[in-house]
Amino acid sequence: MAKEKEVIGVIDQVNLYDLPVEELALPSNFLWGTATAAYQIEGGATQDGKGKSIWDTFSHLEPSRTNGQNADVACDHYNCMPEDVQLMSSLGVDVYRFSIAWTRIIPLGGRNNPINEKGIAFYNELIDRLLACNIEPVVTLFHWDTPQGIYERYGAFLNTAEFKADFEHFARLCFSRFGDRVKKWITFNEPYIISIFAHHSGVLAPGRRTSTDGDSRTEPWRVGHTIILSHTAVLQIYANEFQKPQKGDISIVLNGHFYEPFDASSDIDKAAAERRMEFYIGWFGDPVFLGKDYPAPMRAQLGSRLPEFTTEELNLLSQSASINAFYGMNHYTTKYARALPDPPADDDWTGNVEELPVNSEGKEIGPVSGMGWLRVAPAGFRKLLNWVWDRYHLPIIVTENGCVCPGESELPLEQALDDKFRKRYFGLYLDAISRAIYEDSVQVQGYYAWSLMDNFEWAAGYEPRYGITHVNFETLIRTPKSSAFYLQETFRQRRAISGK
């Protein structure tokens with residue numbers, strides 16, 4: 001790998017403001033698609049028997065925690081779904097990754113609660129329409145929209161046994177009703193975000209933190225523990241009851257930045273960058289994909305705050321690891337990691353690491369997008385692909401990647417459609433995938449752009465526009481942006497190169 005690492009280092013030295021898109025080759029069987037989440041696009045908040053999720057509650061709090069906005073209508077995908085499938089078909093996508101709203105098919109969420117057949121019918125129609133257009137459905141079971149009913153009954157993820165039992169029931173229902181046509185399943189989307197942003201800082205639903213009604217010292221680790229055990233239980237259900245007749249695959253999606261040392265000459269900062277990766281990705285990746293305990297640095301720092309796996313649970317993790325068919329990667333940016341000099345705070349979740357956009361030499365990690373935290377850093381993406389491949393040795397599917405153009409929400413339609421910044425971001429990150437595949441021998445199977453359309457971006461409301469399709473949230477008119485056509489053409493060209 002020495003030669004490959006040298007190549008990555010050379011790329012690091014190029015001025016990222018001038019780095020050209022090279023349109024490098026991708027395998028002829030490489031799949032591209034788009035991704036969404038149910039709460040962000042569906043709307044139909046109470047339509048046809050849908051129940052309330054924690055996001056329906058959270059987005060209506062006063063004072064507002066979601067920029068004064070909610071997703072009661074959002075993109076109205078629940079009513080505009082046929083049009084949206086045709087949009088994807090016109091763009092030539094291979095895959096559509098979407099999530100199932102738990103409360104649309106089990107309104108109260110629990111294993112003893114009634115099933116809503118109208119919700120089942122909606123997803124059946126969506127899947128059938130996708131397949132009729134030769135678009136593969138990739139289904140996420142849980143994308144943050146916990147049923148309000150189970151949260152009120154027992155705190156959802158805070159009660160491992162109860163949540164696991166209800167999630168098993170929900171998953172089994174989805175497998176039995178949709179699994180004859182869905183061949184790729186994702187259990188959870190971004191457990192890190194669920195654990196930290198919803199149960200530590202409280203900026204996402206249900207908004208738990210120490211200063212309100214939570215405990216930021218312990219709850220995030222309990223939530224993460226529940227997700228890992230629930231994922232493992234559902235893997236077993238799928239493998240034992242559904243996989244053989246349905247012939248599908250299943251795994252989980254983890255998000256993660258890549259971290260460079262703040263001071264490249266400092267062993268302390270190098271160790272901090274690796275430790276940050278372990279606290280971020282290894283937290284879930286090691287138990288799920290390696291079938292082992294949490295990373296040692298987490299055990300060392302967190303002590304009793306980090307739940308223990310029983311011997312039986314560790315055995316189940318070990319037995320289940322090989323069922324995961326791929327590593328689902330959500331990635332957007334890279335940051336610098338600096339070791340903090342003082343002992344960690346009682347509620348630290350970072351590994352006692354500070355995250356920065358500029359290093360000790362004053363060098364930016366990359367140009368800033370329309371979101372302050374998201375900078376264009378394709379070399380870091382390539383390094384992350386290598387880090388994940390080296391650690392877990394699973395084929396990687398990039399299940400989310402994208403950005404917001406600077407000032408995009410303030411632009412008139414004509415200018416918003418000419419999204420050059422996003423096109424360049426996509427191009428550079430696809431070049432990084434090509435280099436990882438052909439120069440580093442990393443297995444990357446697909447790429448799903450975030451997102452199919454502008455949507456409700458959680459606590460930020462409708463202001464950040466990540467879509468390759470512009471949505472007028474008053475008229476609900478969809479208009480593909482330049483980046484949508486770029487993706488269509490670049491995948492055609494890149495896959496044609498490898499076929500020659």
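Calculation notes
- Residues numbered from 1 in each chain as written.
- Predicted model: local features only at pLDDT ≥ 70, side-chain atom pairs only at ≥ 80, totals over all residues.
- Heavy atoms only, no water.
- Helix = DSSP H or I, 4+ residues; strand = E, 2+ residues; numbered from the N terminus.
- Salt bridge = Lys/Arg side-chain N within 4 Å of Asp/Glu carboxyl O.
- Pairing = 2+ DSSP bridges.
- Axes fitted to C-alpha atoms, helices over the stretch in contact; angles between N-to-C directions.
- Contact = heavy atoms within 4.5 Å.
- Expected span 1.5 Å × (residues − 1).
- Buried < 20%, exposed > 50% of the residue type's maximum accessible area, 1.4 Å probe, protein only.

Engineer: Just to check I follow, could you spell out unusual backbone geometry for this structure?
Structural biologist: Among all residues except glycine, the phi angle is most often negative; among peptide bonds, the trans geometry is most common. Across the junction of E62 and P63, the peptide omega takes the value -5°, indicating a cis bond. The step from A205 to P206 runs through a cis peptide bond, and the omega angle for that step is 10°. Tracing the backbone shows P206 in the loop between α9 (191-199) and α10 (219-246). Positive phi values are uncommon outside glycine, yet D48 reaches one of about 55°. Position of D48 relative to the elements: it lies in the loop between α2 (38-41) and α3 (54-58). Phi angles above zero are rare outside glycine, and E190 is one such case at about 55°. Relative to the elements of secondary structure, E190 occurs in the loop between β4 (184-189) and α9.

Engineer: Explanation requested: the pattern of salt bridges in the structure shown.
Structural biologist: For side chains of opposite charge, pairing can occur when their charged atoms come near one another. If you walk through the whole model with that rule in mind, you get 38 salt bridges. With a shortest N-O distance of 2.7 Å, E355 and R276 are connected by a salt bridge. One end of the pair, E355, is in strand β9 (residues 353-356); the other, R276, is in helix α11 (residues 267-290), and 79 residues separate them in sequence. Among the ionic pairs, K481 bridges to D454, the shortest N-O distance being 2.9 Å.

Engineer: What should I look at first to understand the sheet that holds strand β2 (residues 95-99) in this one?
Structural biologist: Pairing between the strands of a sheet comes from backbone hydrogen bonds, and it takes one of two forms, parallel or antiparallel. Here eight strands make up a closed barrel; going around it, the order is β1-β2-β3-β4-β5-β7-β10-β11 and the pairing parallel. With strand direction ignored, the average angle separating the axes of adjacent strands in the sheet is 25°. As judged from the three bridges shared by strand β10 (residues 396-400) and strand β11 (residues 444-450), these two strands associate in the parallel manner. Within the sheet, the bridge partner assigned to I396 lies in β11 and is V444. In this fold α10 packs onto β3 (136-142), β4 and β5 (249-255), with an angle of close to 160° to the strand it touches most, β5.

Engineer: Looking at this model, I keep getting lost on helix α4 (residues 77-91). Mind explaining?
Structural biologist: Note on helix geometry: an α-helix contains 3.6 residues per turn, so any two residues three or four positions apart are oriented the same way. Given a rise of 1.5 Å per residue, 15 residues ought to cover 21 Å, yet the end C-alpha atoms of α4 are separated by just 18 Å, more than 12% below that figure. Taken residue by residue, α4 has H77, Y78, C80, M81, D84, V85, L87, M88 and L91 as its buried positions. After α4 finishes, the residue G92 shows a positive phi value of roughly 75°.

Engineer: What is the right way to look at the sheet that holds strand β6 (residues 258-261) in this model?
Structural biologist: Spatially, β6-β8-β9 is the arrangement adopted by the three strands of the open sheet, whose pairing is mixed. Each edge of the open sheet is held by one strand with a lone partner, namely β6 and β9. The average angle at which neighbouring strand axes cross in this sheet is 40°, direction not considered. Alignment of strand β8 (residues 334-339) against β9, held across four bridges, turns out to be antiparallel. Residue R338 lies in a different strand from β9, and its bridge partner there is E354.

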